[in-house]
Amino acid sequence: MKRILSQLRGRQREMVKLLGEFVRCESPSHDKSAVDRFGQIVAREWKRRGASVRILRQDERGNHVRAEIWLGKGKPVGQVVVLGHLDTVYPLGTLAKMPFRISGGRAWGPGTFDMKGGLTLALFAVDALRAAAIEPSKRFVLLWTSDEEIGSETSRRAIEQEARKSEAVLVLEPSFGTDGRLKTERKGVGGAEIIVTGRAAHAGIDPEKGVNAVHELVLQIERLMKMNDPRRGITAQTTVVSGGTLTNVVPEHAHASVDIRYSRQADRAQLNRKLHAVRPILKGARIEVRRTGDRPPLERTAAVRKLFGQAQSLMREMGLPLGEASTGGGSDGSFTAALGVPTLDGLGAVGDGAHSPREHVLIRALPARAALIAGLLATL
Ligand SMILES: [Zn+2]
């Protein structure tokens, strides 16, 4: 590991340069041609390394990129999947006010941390294995998807298909905290739309003839808040509300979006039951509950702990510490973990400020992260 690390330290500048090229090619999830353009750059880098690259074409969303590479001799024994996403949350033009720049030992810019840094690391990890003439026993499949930031609707199938054929899944999402902890536990993410229908009436002349949908919604939100159970890892937050038309009209319609998260898959059914059991409180009001998006939790199973232990001992060989963390955010690793495939998440860059104007990665941490990915790929 020490040898791999020192080799990668010598390539730190190249890593930053490639990251810069990646960041300068903006790739917001909703802009297919932009994501496709960036996908082509990533595909080019993998082809350059001898990978066989397939573009998984999509009609509306950006294309996914699947790269397969075999560094061993003879035939591979199974495969390891490396997951990452090409898309970012930043609309086209963000670079104008938030350009890629180096300052204070950090590389700043949209998507540096989440997760063009991770995409860069994978390339250098494979380079390092080749330079050290290490022959892994498994084939690597690198799946770079285009819609992670908006729920992975078009990529989930491909992710699950590859995971089912794999011994392990490495997820290059940003690490946790400025010390680069891995994510060994993630919450499941679900949501609901609450649609309330009341009856319109003049707010001043005959309000008693109306049914106030906004009032009903407020009462329901109050009840929903009771679903929060921090000890069990359950959160329920009403995040968007709307309702009413004019100041002198009893509102007929009101609507709320609810974000629901849970640590244990076993709690999901009960939460669903509670949501669907919602009944109107005001006489004459009607309520419809629609469940939206669903990502299972990544649970800290024995298999996850074992993978983490392996990562920790690789870091120890380099004389570096490695911690683990639990997070409320979901990732594509949640899909693969739910299939029972050992999944290690948060292997991407060390940094901070994802999805914000302060997004950046720590430059001096890049070589060790790439070395860790190389070490895992070589020993899985
Ligand atoms: Zn991400």
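Coordinates for the structure precede this section.
Reference entry: report on the structure contained in this document. (Residues numbered from 1 in each chain as written. Predicted model: local features only at pLDDT ≥ 70, side-chain atom pairs only at ≥ 80, totals over all residues. Heavy atoms only, no water.)

### Section: the overall build of the protein
Along the protein, the regular secondary structure elements total 11 helices and 18 strands. Taken over C-alpha atoms, the radius of gyration comes to 24 Å for the protein, in line with the 21 Å a tight globule of 380 residues would show. In terms of its C-alpha atoms, the protein occupies a principal-axis envelope of roughly 85 × 45 × 40 Å. For the protein, the proportion of its 380 residues judged to be buried stands at 54%. Within the protein, contacts between residues at least 6 apart in sequence are counted, and of these 79% link residues at least 24 apart. Taking the average location of the 58 positive side-chain charges in the protein and that of its 41 negative ones, the two points are 5 Å from each other. (Helix = DSSP H or I, 4+ residues; strand = E, 2+ residues; numbered from the N terminus. Rg over C-alpha atoms; globule rule 2.2 N^0.38 Å. Buried < 20%, exposed > 50% of the residue type's maximum accessible area, 1.4 Å probe, protein only. Contact = heavy atoms within 4.5 Å. Lys, Arg positive; Asp, Glu negative; His and termini not counted. Charge placed at Lys NZ, Arg CZ, Asp CG, Glu CD.)

### Quick notes on the coordination of the zinc ion
Looking at the zinc ion, one finds its protein donor set to be H85 (NE2), D114 (OD), E173 (OE) and E173 (OE), positioned 1.9 to 2.8 Å from the metal centre. Geometry at the zinc ion is irregular, judged from its 4 donor atoms and the angles of 51 to 143 degrees they form at the metal. Mapped onto the sequence, the residues coordinating the zinc ion show the spacing H-x28-D-x58-E. Here the residue H85 occupies a position in strand β3 (residues 79-85), and E173 occupies one in the loop between β7 (166-171) and β8 (182-186), the gap between them amounting to 88 residues. Residue class for H85 comes out buried when judged on its relative accessible area of 1%. (Donors = N, O, S within 2.8 Å, 3.2 Å for Na, K, Ca; no water. Tetrahedral: all angles 85-135°; square planar, octahedral: opposite > 155°, others 65-115°.)

### Focus on unusual backbone geometry
Note that the residue after D114, namely M115, is joined by a cis bond; omega there is -10 degrees. With respect to the element layout, M115 can be found in helix α5 (residues 112-131). Look at S152: it is not a glycine, yet its phi comes out positive at around 60 degrees. You will see that H355, though not glycine, has its phi angle at about 60 degrees, which is positive. Position of H355 among the secondary structure elements: in the loop between β17 (351-352) and β18 (360-362). With relative accessibility at 43%, the residue H355 sits in the partly exposed group.

### Things to note about the packing of aromatic side chains
Counting across every chain of the model gives 2 aromatic pairs. Look at F22 and F38: their rings are 5.3 Å apart centre to centre, the planes differ by 80 degrees, and that puts the pair in the edge-to-face class. Here the residue F22 occupies a position in helix α2 (residues 12-24), and F38 occupies one in helix α3 (residues 32-48), the gap between them amounting to 16 residues. Here F22 falls in the buried class, since its relative accessible area comes to 0%. Residue classification places F38 among the buried residues on the basis of a relative accessible area of 0%. Ring geometry for W46 against W144: centres 6.3 Å apart, planes inclined by 35 degrees, an arrangement best described as tilted. Residue W46 is located in helix α3, and its partner W144 is located in strand β6 (residues 139-145); the two are separated by 98 residues in the primary sequence. For the pair W46 and W144, one class covers both residues: buried. The ring of W108 is capped by R101, whose NZ or CZ atom sits 4.9 Å from the centre of that ring. One residue, K116, lies across the ring of F38, its end atom 4.2 Å from the ring centre. (Phe/Tyr/Trp six-rings, centres within 6.5 Å; stacked < 30°, edge-to-face > 60°. Lys NZ or Arg CZ within 6 Å of the ring centre and 35° of its normal.)

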